[in-house]
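If you want the building blocks of each chain, they are given just below.
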Amino acid sequence: MEIRLAENYGFCFGVKRAIDIAEKSKNASTYGPLIHNKEEINRLESKFNVKTTHDIKELEDSDKVIIRTHGIVKDELQKLKESGKQIIDATCPFVTKPQQIVQQMSQEGYRVIIFGDENHPEVKGVKSYVINKPIVVISVDDLTDLYLGSKVAVVSQTTRKISEFMKIVNYLIENVKEVRVFNTICNATFENQEAAFKLSKDADVMIVIGGKNSSNTKQLFTIASSNCKDSYLIETEKELDEKWFKEKSVCGITAGASTPDWIIEKIIEKIRSFSV
Ligand code: SF4
């Protein structure tokens, strides 16, 4: 069986940057997980004593606080700044961008529409920068009964599919007089998605590696499954099952933007060890 890697996969610029920052910030705490990958978070803790905290109160014992790649809510950032702690900002610049855009647009009187998952930390963070009332939508259906006013500005969660974003944009253009569109979808995600789409057409089994709570990994899995019905989403080599590879000739591999190379390598090694 041939093992084929996607042309683009794995760590993106924002995650590489955040890990680099964390490795240089020994004994710091992150507020919320730095990235969506448990294994890498455990490595940072055991090797660099970078701890993850989930509650702002737990940060009281730390002098140094790292802001995760997805960013945090504006008020919480303000509170941390006022508490006198050293703030190390690892928010990905592609996430800071929509935060700035929505703040500016809402100041200019535009109704802000955010396309994304309202429970995702990135979306919660972006939403907190809107000074009027933002609307968060996951599909066009969420917009149809709403009064949108005469001027709107629309941004997307960085990990969303462009085709879905276009549906929202098209609806807005048809229904609102003035629409400001900001394509805030991150290229890293897009490139990984394109490559997964291409590879999954040729593969008869696809392994998607990444955190099961990672939005961009889940998107890759959806894309892979659309072309290859034998697609599996796994976090570590322990989840692999030899049966998946029986009588397959091409195994495609892709990985989410928070998946480190060392995990991917371990998985490839284990697949190679199977007698298929
Ligand atoms: S996927 Fe894009 S937006 Fe998210 S951390 Fe990576 S580079 Fe930044």
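Preceding this paragraph is the structure being described.
Residues numbered from 1 in each chain as written. Predicted model: local features only at pLDDT ≥ 70, side-chain atom pairs only at ≥ 80, totals over all residues. Heavy atoms only, no water.

Before we go on, may I ask you to explain the sheet that holds strand E11 (residues 231-234) in this structure?
Sheets are built from strands paired through backbone hydrogen bonds, the pairs being either parallel or antiparallel. Pairing is parallel across the open sheet formed by 4 strands, whose spatial order is E1-E12-E10-E11. Sheet topology places strand E1 (2-5) and E11 at the edges, where each strand pairs with a single neighbour. Going across the sheet, the axis of each strand differs from the next one's by a mean of 20°, ignoring polarity. As defined by bridge partners, strand E10 (residues 205-209) adjoins E11 across 4 bridges and the pair is classed as parallel. When the bridges of E11 are listed, methionine 206 appears paired with serine 231. Packed onto the sheet, helix H7 (residues 187-202) meets E1, E10 and strand E12 (250-255) and runs at close to 170° relative to E12. Packing against the sheet, helix H8 (residues 215-227) makes contact with E10, E11 and E12, and its axis sits at approximately 165° to E11. (Pairing = 2+ DSSP bridges. Helix = DSSP H or I, 4+ residues; strand = E, 2+ residues; numbered from the N terminus. Axes fitted to C-alpha atoms, helices over the stretch in contact; angles between N-to-C directions. Contact = heavy atoms within 4.5 Å.)

Teacher, can you tell me more about the packing of H7 against H8 here?
Pairs of packed helices are described in terms of their axes, by the angle between the two and the distance that separates them. In contact at an axis separation of 8 Å, H7 and H8 are set at 25° when each is read in the N-to-C sense. By the angle class used here, H7 and H8 are roughly parallel. The chirality of how H7 crosses H8 is right-handed. Contacts between H7 and H8 involve Thr189, Asn192, Gln193, Ala196, Phe197, Ser200 and Lys201 from the first element and Asn216, Gln219, Leu220, Ile223, Ala224 and Asn227 from the second. The residue makeup of the contact of H7 with H8, split by class, is 5 nonpolar, 7 polar and 1 charged. (Parallel < 35°, antiparallel > 145°, perpendicular 65-115°, else oblique. Left-handed = near helix turned anticlockwise from the far one by under 90°. Nonpolar A, V, L, I, M, F, W, Y, C, P; charged D, E, K, R; others polar.)

I'm lost on the side chain of aspartate 230 in this one. Help?
In this fold, aspartate 230 is placed in the loop between H8 and E11. Side chain to side chain, aspartate 230 and lysine 248 meet in a polar contact 2.7 Å long. In contact with aspartate 230, not counting residues within four places along its chain, are Asp204, Val205, Met206 and Lys248. (Polar contact = N/O pair within 3.5 Å; in protein donor to acceptor, adjacent residues only side chain to side chain.)

Looking at this model, I keep getting lost on the packing of aromatic side chains. Mind explaining?
Aromatic ring pairs are reported here in terms of the distance separating the ring centres and the angle at which the planes meet. According to the stated counting rule, one finds 5 aromatic pairs in the structure shown. Here tryptophan 244 and phenylalanine 245 contribute two aromatic rings whose centre-to-centre distance is 6.2 Å and whose plane-to-plane angle is 50°, an arrangement assigned as tilted. An aromatic cluster of at least three residues, connected via ring pairs, comprises Tyr232, Trp244, Phe245 and Phe274. Across the ring face of tyrosine 110, the terminal group of lysine 151 is positioned such that the distance to the ring centre comes to 4.4 Å. One Lys or Arg, arginine 160, reaches over the ring of phenylalanine 115 and ends 5.9 Å from the middle of that ring. (Phe/Tyr/Trp six-rings, centres within 6.5 Å; stacked < 30°, edge-to-face > 60°. Lys NZ or Arg CZ within 6 Å of the ring centre and 35° of its normal.)

So what exactly am I meant to see when it comes to the site of the ligand here?
Close to the ligand lie Cys12, Gly14, Cys92, Phe94, Thr158, Cys186, Thr189 and Ala257. For the shell around the ligand, the residue count by class is 5 nonpolar, 3 polar and no charged. (Near = heavy atom within 4 Å.)

Is there a simple way to explain the pairing of E10 in this structure?
Consecutive side chains of a regular strand alternate in pointing toward one face of the sheet and then the other. Here E10 lies mainly inside the structure; 5 of its 5 residues are buried. Where E10 meets E12, 5 bridges bridge the pair, whose relative direction is parallel. By the bridge assignment, methionine 206 is partnered in E12 with glycine 252. Regarding the hand of the β-α-β motif, the stretch spanning E10, H8 and E11 is right-handed. (Buried < 20%, exposed > 50% of the residue type's maximum accessible area, 1.4 Å probe, protein only. Right-handed = clockwise from strand over helix to strand, strands pointing away.)

Looking at this structure, how should I read the pattern of salt bridges?
Two side chains that carry opposite charge are able to pair once their charged atoms sit near each other. By the definition in use, this model includes 13 salt bridges. Across the pair aspartate 241 and lysine 243 runs a salt bridge whose closest N-O atoms are separated by 3.4 Å. Assessed through its relative accessible area of 24%, aspartate 241 is described here as partly exposed. Residue lysine 243 is classed as exposed on the basis of its relative accessible area, which comes to 63%. A salt bridge links lysine 246 to glutamate 242; its shortest N-O distance comes to 3.8 Å. (Salt bridge = Lys/Arg side-chain N within 4 Å of Asp/Glu carboxyl O.)

In short, the description is geometric, and any link to function would need to be established separately.
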